[in-house]
Amino acid sequence: MSSSLQPTETEEEPPCKRKEVSVFRQEIQQVLHSFPALEMESSFRDHFPHYDSPAIHCHYKCNQRNCEAVTLDSKKGDQFAHKWLSDRSVACCKRTGVYWLVFEEGQGMYCFLCRKHNTYNKQNKVKVFNTTPAVRFKKSAIQDHAQSQQHMLL
């Protein structure tokens, strides 16, 4: 063993030291990955005053709290599926990488990005998915919004 504290090129670190470094790296990665989520939650709070209410659901909040279900008012017709919030093909903006879908129990669906940028439908001037909740609980309705002119105005 060399006299310095650092191992030489021919020496290896003891297994316990390698394990400590590995655990430390994993902890750092977890902190780095959670920071963007915390930053996103802060932005969501700015645009959804009741964000901390248990009735509000979005990808970032539900991932942090291990939330996997919503309380639905009735059993009639189509219902919102909680899994849509974290489905990249449904609720993640292809241009920004932001999961934009927000669901409020008893109200409907909103688009975080449309609310943040205050966009509206150019044809009929309505703000569905912005200030007016969308209530057509179909995966295709969410995908249509993601491709809509209103959503693309961001």
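Residues numbered from 1 in each chain as written. Predicted model: local features only at pLDDT ≥ 70, side-chain atom pairs only at ≥ 80, totals over all residues. Heavy atoms only, no water.

**Student:** Is there a simple way to think about the nonpolar core in this case?
**Tutor:** Looking at soluble globular proteins, one finds that nonpolar side chains tend to be buried together. Within the largest apolar cluster, 34 residues are counted, with the highest numbers of intra-cluster contacts made by Phe44, Phe80, Trp100, Leu101 and Met109. Elements supplying a minimum of two residues to this core: α1 (15-47), β1 (56-58), α2 (59-65), α3 (88-91), β2 (101-104), β3 (108-111), α4 (112-116) and α5 (139-147). (Core = buried A, V, L, I, M, F, W, Y, C linked by side-chain atoms within 4.5 Å. Buried < 20%, exposed > 50% of the residue type's maximum accessible area, 1.4 Å probe, protein only. Helix = DSSP H or I, 4+ residues; strand = E, 2+ residues; numbered from the N terminus.)

**Student:** Hey, could you run me through the packing of aromatic side chains in this one?
**Tutor:** Note on aromatic pairs: each is described by the distance of the centres and the angle between the planes. Inspection of every chain in the model, using the stated rule, returns 11 aromatic pairs. Measuring from centroid to centroid gives 4.0 Å for Phe44 and Phe112, while their planes differ by 10°, and the two rings are stacked. Of the two residues, Phe44 is situated in helix α1 and Phe112 in helix α4; the sequence distance between them amounts to 68 residues. For Phe112, a relative accessible area of 1% translates into the label buried. (Phe/Tyr/Trp six-rings, centres within 6.5 Å; stacked < 30°, edge-to-face > 60°.)

**Student:** Could you clarify how one ought to interpret the pattern of salt bridges in this entry?
**Tutor:** When their charged atoms lie close together, side chains carrying opposite charge are able to pair. All chains considered together, the criterion is met by five salt bridges. Between Asp78 and Lys138 there is a salt bridge, with the nearest N and O atoms lying 2.9 Å from each other. One end of the pair, Asp78, is in the loop between α2 and α3; the other, Lys138, is in the loop between α4 and α5, and 60 residues separate them in sequence. For Asp78, a relative accessible area of 43% translates into the label partly exposed. By relative accessible area, Lys138 is classed as partly exposed at 35%. Through salt bridges with shared partners, a single ionic network connects Glu41, Arg45, Asp52 and Arg65. (Salt bridge = Lys/Arg side-chain N within 4 Å of Asp/Glu carboxyl O.)

**Student:** Explain the sheet that holds β3 to me, please; I cannot follow it from the model alone.
**Tutor:** Sheet strands associate in pairs through backbone hydrogen bonding, adopting either a parallel or an antiparallel arrangement. With antiparallel pairing, the three strands of this open sheet are ordered in space as β1-β2-β3. Only two strands of the sheet have a single neighbouring strand rather than two, namely β1 and β3. Sheet twist, expressed as the mean angle between neighbouring strand axes with direction ignored, is 25°. In the sheet, β2 pairs with β3 via four bridges, with the strands oriented antiparallel. Paired with Phe103 across the bridge in β3 is Met109. (Pairing = 2+ DSSP bridges. Axes fitted to C-alpha atoms, helices over the stretch in contact; angles between N-to-C directions.)

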